[in-house]
Amino acid sequence: MGLLATPSGERVHIGFFGVRNAGKSSVVNAVTGQDLAVVSNVAGTTTDPVSKAMELLPLGPVVIVDTPGMDDEGGLGELRVRKARQALRRCDVAVLVVDATRGLTQADRMLLDEFSDRRLPYLVALNKADLLKGDAPELAPNEVLVSAREGSGIHELKERLGALAADAGHRRLIVSDLLEEGDVVVLVCPIDASAPKGRLILPQQLVLRDVIDAHASALVCQPAELAGVLEQLARPPRVVITDSQAFGEVARIVPRDVALTSFSILMARYKGNLPALVEGAKRLSSLADDSRVLIAEGCTHHRQCEDIGTVKMPAWIRQHCGASPEFSFTSGGEFPDDLSAYDLVVHCGGCMLNEREMAHRMATATAAGVPMVNYGVAIAQMHGILARSLEPFATVTNA
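On a predicted model such as this, the values are computed, not experimentally measured, just so you know. (Residues numbered from 1 in each chain as written. Predicted model: local features only at pLDDT ≥ 70, side-chain atom pairs only at ≥ 80, totals over all residues. Heavy atoms only, no water.)

So, the overall build of the protein chain
On a plain count of helices and strands, the protein chain comes out with 13 helices and 14 strands. Within the span of the protein chain, comprising 399 residues, buried residues form 50% of the whole. Intrachain contacts of the protein chain at a sequence separation of at least 6 include 71% that bridge at least 24 residues. (Helix = DSSP H or I, 4+ residues; strand = E, 2+ residues; numbered from the N terminus. Buried < 20%, exposed > 50% of the residue type's maximum accessible area, 1.4 Å probe, protein only. Contact = heavy atoms within 4.5 Å.)

Right, here's the structure in full:
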C-alpha cells in the first residue's frame, strides 16, 4: 500500500464467513473481481483469514477478509476457527455465505447470533443459485441470492454492501473539531532511531491531514526547534501536539496558557475510549512487585534497542511506581481472550487497529475487571501532565 493510500485501520472491514464449501472464497473473488482467495472443491481450502486492502466500487477503500470455515474440525480446525473469530471482532460488516442448496446449518445460525450479539451489520449471501432446482426461495430482507460461478446477484450484493459500509464508515474527527479556520497548530515529531526512514508515523500523518481538512495551518518541528518556532509566531498556536515520548520536554517549553496534548491521546479519543483509558491511568501508581502488566501493540515492527513497548515503557513504569512488576508483551492481531491474570493493560495508540478491534480489547479488559491505559495517557500521567493534556477536550474530565 502506497504512502497516499488509505491506511488499513481507516478502512471499513468486510468479513466473509460461513461453513466449509459454502463458496466463501468464490463469492469473495466474484465481489472483488480478482483471485484474492484460493478456491477448491476440497473442504477447508482456506486455512487462515486472508485480508486485502483495496478500492471496491461503489464502496471505496475497504479491507476484504476471507475466513476459514466455522465448522472446521480437529486440532488444526480449532485453530482455524479461532483465527476466524479473531477476524470477526475487527469487522465492520459481515457477509454470511450459505450454500443455497443446503440452507442454514447450525454453525450458520450460531454465526447469526454472534453477529447480533456484536451489533454487527450483515447480509446473507445464498450462494450456488445456479444449482437450485425449481423456483427461487423466498428471501428475507437481508438475504441476497447469488451465484459466484455465473456472477448472478453479485452486483446487488455489492450495492447492498456499499450501503451497509457507508453507515459503518462514518467519518470520525481527530482534532479538526477543536480548530477554527486559520488556526495554527504545532506538531512536535521527534526524529530518532525509532522513527521510520523518510516518512512520519501514521498518527502524525492522520493528525496532519485532519488539520489541513479544517483549513488550519500546521508547523512541524522536532523538540529542539520548538522554542524557536513558538517565538517566531505572531500569536500563540491553538494547540501544540507532541509525540508522547517527548511529552515531558515539550511541556516544559510550551507556555501554560497554550493548549498541549499528544498524538496518542488524540488517537485514544479518535477510537472512542479516552475516558476509560484516563481512568486506567490511576492504576499505574499502585503497581507492586507482584503485579502483572500486559503491554500490547496493534502492529508488528522491528524491535530496536530503545523500543518504546519493550524497553522504555517498562522502565518508566518501574520508576513511577517504585516497584518491579512482571511484564508480558503481545503485538499485531494477538490479544488474550482472558485478561484476568493481569493487573493492568498498557496499549499502544492503536493507529493500525480499527475502532471495532479497539472496542473489543477494551471490552475484554472491562469484562475481566482489568484497567487499561494507552501509551500517551500513561506517559502524561507519569510526567504529572495528564490533566493539562486533557484540557483541550471539554467533554473529558481531568483524572
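Let's talk about the sheet that holds strand β12 (residues 326-330)
Taken in spatial order, the 4 strands make up an open sheet running β12-β11-β13-β14, and their pairing is parallel. Strands with a single pairing partner mark the edges of an open sheet, and in this sheet they are β12 and β14 (372-374). The sheet shows a mean angle of 25° between the axes of neighbouring strands, taken without regard to direction. Note that strand β13 (residues 344-347) and β14 share 3 bridges and pair parallel. For His347, the partnering residue across the bridge sits in β14 and is Asn374. Sheet strands in contact with helix α12 (residues 375-382) are β11 (292-296), β13 and β14, and its direction is about 90° off that of β14. (Pairing = 2+ DSSP bridges. Axes fitted to C-alpha atoms, helices over the stretch in contact; angles between N-to-C directions.)

Examining the sheet that holds strand β7 (residues 184-188)
Reading across from one edge, β8-β7-β9-β10 is the order of the 4 strands in this open sheet, with parallel pairing throughout. Each edge of the open sheet carries a strand with a single partner, namely β8 (217-221) and β10 (259-262). Each strand axis lies, on average, 20° off the axis of its neighbour in the sheet, ignoring direction. Taken together, the 4 bridges between strand β9 (residues 239-242) and β10 define a ladder with parallel strand orientation. Bridging from a neighbouring strand, Thr242 pairs with Ser262 of β10.

As for the pattern of salt bridges
Applying the stated rule across the entire model yields 19 salt bridges. Between Arg356 and Asp92 there is a salt bridge whose closest N-O contact spans 3.9 Å. Of this pair, Arg356 sits in helix α11 (residues 355-367) while Asp92 sits in the loop between α2 (74-88) and β4 (93-99), and the two are 264 residues apart along the sequence. Close ionic contact of Arg238 with Glu180 constitutes a salt bridge, the shortest N to O distance being 3.9 Å. Of this pair, Arg238 sits in the loop between α6 (223-232) and β9 while Glu180 sits in the loop between α4 (154-168) and β7, placing them 58 residues apart in sequence. Salt bridges sharing common partners tie together Arg89, Asp337, Glu357 and Arg361. (Salt bridge = Lys/Arg side-chain N within 4 Å of Asp/Glu carboxyl O.)

With respect to the nonpolar core
Ranked by size, the top nonpolar core spans 73 residues in total, and within it Val207, Val240, Ile241, Ile265, Ile317, Val346 and Val377 carry the most contacts. Beyond its immediate chain neighbours, meaning those up to four positions away, Val240 contacts Val186, Val188, Leu230, Val250, Val254, Val258, Ala259, Leu260 and Thr261. Among the nonpolar cores identified, the runner-up in size contains 25 residues, and Val27, Ala125, Ala148 and Leu157 belong to it. (Core = buried A, V, L, I, M, F, W, Y, C linked by side-chain atoms within 4.5 Å.)

Overview of the packing of helix α10 (residues 308-321) against α12
In a pair of packed helices, the angle between the axes and the distance between the axes together describe the arrangement. Two numbers describe how α10 lies on α12: the axes approach to 10 Å, and their chain directions differ by 30°. Taken together, the axis directions place α10 and α12 in an arrangement best described as roughly parallel. When the axes of α10 and α12 are compared, the crossing they make is left-handed. Packed against α10, whose contacting residues are Ile308, Gly309, Met313, Trp316, Ile317 and His320, the element α12 presents Tyr375, Ile379, Gln381 and Met382 at the interface. (Parallel < 35°, antiparallel > 145°, perpendicular 65-115°, else oblique. Left-handed = near helix turned anticlockwise from the far one by under 90°.)

Notes on the pairing of β11
Within β11, 4 of the 5 residues are buried, leaving the element largely enclosed by the surrounding structure. Note: β11 against β12, 5 bridges, orientation parallel. Bridge assignment links Ile295 to a residue of β12, and that residue is Phe329. One ladder, built from 4 bridges, connects β11 with β13; its direction is parallel. From the neighbouring strand, Leu294 faces β13, where its bridge partner is Val345.

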